[in-house]
Amino acid sequence: MTIKPPDSPDGKKSQMWGGRFERGPAAIMEEINASIDVDRRLWREDIEGSKAHSAMLAKTKIITEADANAIHVGLDRIAAEIESGEFVFSKRLEDIHMNIEARLKELIGEPASRLHTARSRNDQVATDFRLYIRRACGETAAAIAALQAALVRQAEKHASSVMPGYTHLQTAQPVTFGHHCLAYVEMLERDRTRFLDAQRRMNECPLGAAALAGVPYPIDRAMTAKALGFDRPTANSLDSVSARDFALETLSAASICASHLSRLAEEIVLWTSPHFGFAALSDAFSTGSSIMPQKKNPDAAELCRAKVGRIAGAFNALLIVMKGLPLAYSKDMQEDKAATFEAIDDMALALAAMTGMIDDMTMNEGAMREAAMRGYSTATDLADYLVRTLGLPFRDAHHATGSIVAAAEKKRVRLDELSIADMRAVEPRIGDDIFKLLTVDASVAARASYGGAAPDNVRAEVKRWKEKLR
């Protein structure tokens, strides 16, 4: 990029605020001040807001119906030009708002100059940004629901497919893969509702707050709010133009959701490794190595795992931008969009990739079952037997079970392979019926408490989620 020296103004005054200035901005000032490369994606929202604003101005007789009609015709023409790729964006005009307004003046002449009556770029951008983030929240919630549906499909298929459950990444107790999938469905539901909550909270319209103090015209802010699908106008003009917490809340929800995707991605990386061998991804979601021909890498999962860094970084970046700003608007706030837009894009891409992987993934039930039988995963079932059948206090049962596990470990056998004599050496009252309780299938079937891993619970939850997501 070539930039003229900062002491070399181009000599042309700004179309927006040139009346106060004798010369135009230096090239470097123009470069740092312009945001069109970032905010051009707000063109739909800007045109939508301008149409609602001009319709209100005509209704309240601040401008004529003829001017409003000309403005609408011109804005529709501009929308068509942008969609077709004919529109020429100019950095000299700084942002999407002035690019559209300048083109409108070329198309319709004087009526275009009346459009900015009773508004400022401050409330204009606040409105555009809210419209964009509001739509992004709805789209993200829908994408999360699609991922939930993919996980429910896997849960239905594997309601009784036993796998090891872990704590500290050490074998803990048997669960089913279906139960494991539903854990992520629950997490994602909280994510989905966070986006919907943010969408609901931000649904107030700043348009009409103007620069910071409101306007002296008889505007109807309720009319513009309704036209743009907002619940109501914002109640304080200072807050209207200075608030960006709606973007922060959305980025916070995205950061939490991305952390959940990262955890799931990490498990996919583990499951598809030969050390686990629980799952396989097809060629559609894998890559190879430039040097090792045998490699099949879960790169899509790894990239989803990394997205949380970018998304959480966007949240922190905006939080730091906003943390010390006095009311109302400061130019610092122009930096609110680049990172936010990137985070929204990253969120959409990660959700789509994860949904594809979950649907694509093939589980190795034999490998999962074999792993579940290792690590003395049914030890708690033995302790529960000592409590329920023999009446031992749980702490005593825990101690006795630990001794039995130590005996099995010393003989290098599974718990259900240890002889009854070895068990009775620790607790003489243990009966032969213990062995039917020490299988992984019996263990998961016994976890029938609400929220537990029993296959029947999983099937009931699958049915509930299918109905809810439908």
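All residue numbers refer to position in the chain's written sequence, counted from 1. Given that the model is predicted, a residue must reach a pLDDT of at least 70 before its local features are reported, and side-chain atom pairs must reach 80 or more before they are shown or counted; all residues, however, enter totals for whole chains, interfaces and linings. Based on all heavy atoms of the structure, the side-chain values leave hydrogens and waters out of the count.

## Topic: unusual backbone geometry
- Here the residue pair Leu327 and Ala328 is connected by a cis peptide bond, since its omega of 10° sits within 30 degrees of zero.
- Phi angles above zero are rare outside glycine, and Ala118 is one such case at about 65°.
- By secondary structure assignment, the location of Ala118 is in the loop between helix 6 (111-114) and helix 7 (121-157).
- Relative accessibility decides the category of a residue: with a 1.4 Å probe and only protein chains considered, values under 20% of the type maximum give buried, values over 50% give exposed, and everything between is partly exposed. Take Ala118: its relative accessible area is 6%, and that puts it in the buried class. Runs of H or I in DSSP of at least four residues are treated as helices and runs of E of at least two as strands, each being numbered from the N terminus.

## Concerning the pattern of salt bridges
- We define a salt bridge as a side-chain nitrogen of Lys or Arg found within 4 Å of a carboxyl oxygen belonging to Asp or Glu. In total, this model carries 38 salt bridges according to the counting rule given.
- As a salt-bridge pair, Arg192 and Glu189 come within 2.9 Å of each other at their nearest N and O atoms. Taken as a pair, Arg192 and Glu189 lie in helix 8 (residues 177-201) at a separation of three residues, close to a single helical turn.
- Glu370 is the salt-bridge partner of Arg374, the closest N and O atoms lying 3.6 Å from each other.
- One network of salt bridges, with partners in common, ties together Arg77, Glu81, Arg103 and Glu106.

## As for the nonpolar core
- Among the nonpolar cores identified, the biggest contains 89 residues, and Leu151, Ile268, Met347, Met354, Ile358 and Met361 are the most heavily contacted of them.
- The greatest single-element share of this core, amounting to 14 residues, is contributed by helix 11 (residues 245-271).
- Nonpolar cores were defined as sets of buried Ala, Val, Leu, Ile, Met, Phe, Trp, Tyr and Cys residues, with membership established by side-chain atoms within 4.5 Å. Ala383, Leu390, Met423 and Ile430 belong to the second largest nonpolar core, which has 20 residues in total.

## With respect to the environment of Thr140
- In this fold, Thr140 is placed in helix 7.
- With 216 residues separating them along the chain, Thr140 and Gly356 place their C-alpha atoms 16 Å apart.
- Once residues lying within four places of it in the same chain are set aside, the contact partners of Thr140 are Phe195, Met347 and Leu351. Any two residues whose heavy atoms approach within 4.5 Å at even a single point are treated as in contact.

## Comments concerning the pairing of strand 2 (residues 170-176)
- By this definition, two strands are paired if DSSP reports at least two bridges between them. Relative to strand 2, strand 1 (residues 162-167) is paired through six bridges, and the arrangement is antiparallel. Across the sheet, Pro164 pairs through a bridge with Pro174, a residue of strand 2.
- Linking two consecutive strands that pair antiparallel, namely strand 1 and strand 2, is a turn of two residues; a positive phi of about 60° is found at His168 within it.

## Topic: the side chain of Thr127
- With respect to the secondary-structure elements, Thr127 resides in helix 7.
- Aside from chain neighbours lying at most four places away, what touches Thr127 is Cys205, Pro206, Leu207, Leu228 and Phe230.

## Quick look at the packing of helix 7 against helix 11
- All axes here are fitted lines through C-alpha atoms, helices being fitted over the stretch that makes contact, and every angle between N-to-C directions spans 0 to 180 degrees. Following both chains from N to C, one finds helix 7 and helix 11 inclined at 20°, their axes separated by 10 Å at the closest point. With respect to their mutual orientation, helix 7 and helix 11 come out roughly parallel. Where helix 7 crosses over helix 11, the handedness of that crossing is left-handed. Side by side, helix 7 and helix 11 meet where Ala126, Phe129, Arg130, Ile133, Cys137, Ile144, Leu147 and Leu151 of the first sit next to Phe246, Ala247, Thr250, Cys257, Leu261 and Leu264 of the second. By the definition adopted for this analysis, an angle is roughly parallel if under 35 degrees, roughly antiparallel if over 145, roughly perpendicular if from 65 to 115, and oblique otherwise. Handedness of a crossing follows from how the near helix is turned relative to the far one, being left-handed for an anticlockwise turn of less than a right angle and right-handed for a clockwise one.

## Structural notes on a nonpolar patch on the surface
- Two distance rules govern patches: like charges are joined within 9 Å, and nonpolar side chains (Val, Leu, Ile, Met, Phe, Trp, Tyr) within 5 Å, applied only to residues with over 30% relative accessible area and no salt bridge. In short, Shrake-Rupley with a 1.4 Å probe defines the accessible areas, and a residue's cover is counted only from the protein chains shown. Together, Leu212, Leu238 and Leu327 line one region of the surface with nonpolar side chains, adding up to about 270 Å² of accessible area.
- Counting through the fold element by element, Leu212 comes out in the loop between strand 3 (204-205) and helix 9 (221-227).

## Description of the packing of helix 4 (residues 65-84) against helix 5 (residues 96-108)
- Contact pair helix 4 / helix 5: the axes reach a minimum separation of 9 Å and the direction vectors enclose 115°. Between helix 4 and helix 5 the crossing geometry is right-handed. When helix 4 is examined against helix 5, the residues Ala70, Ile71, Gly74, Leu75, Arg77, Ile78 and Glu81 are found in contact with a partner set consisting of Ile100, Arg103, Leu104, Leu107 and Ile108.
- Taken together, the residues of the contact of helix 4 with helix 5 sort by class into eight nonpolar, one polar and three charged. Each residue receives one of three labels: charged for Asp, Glu, Lys and Arg, nonpolar for Ala, Val, Leu, Ile, Met, Phe, Trp, Tyr, Cys and Pro, and polar for the others, Gly being one of them.

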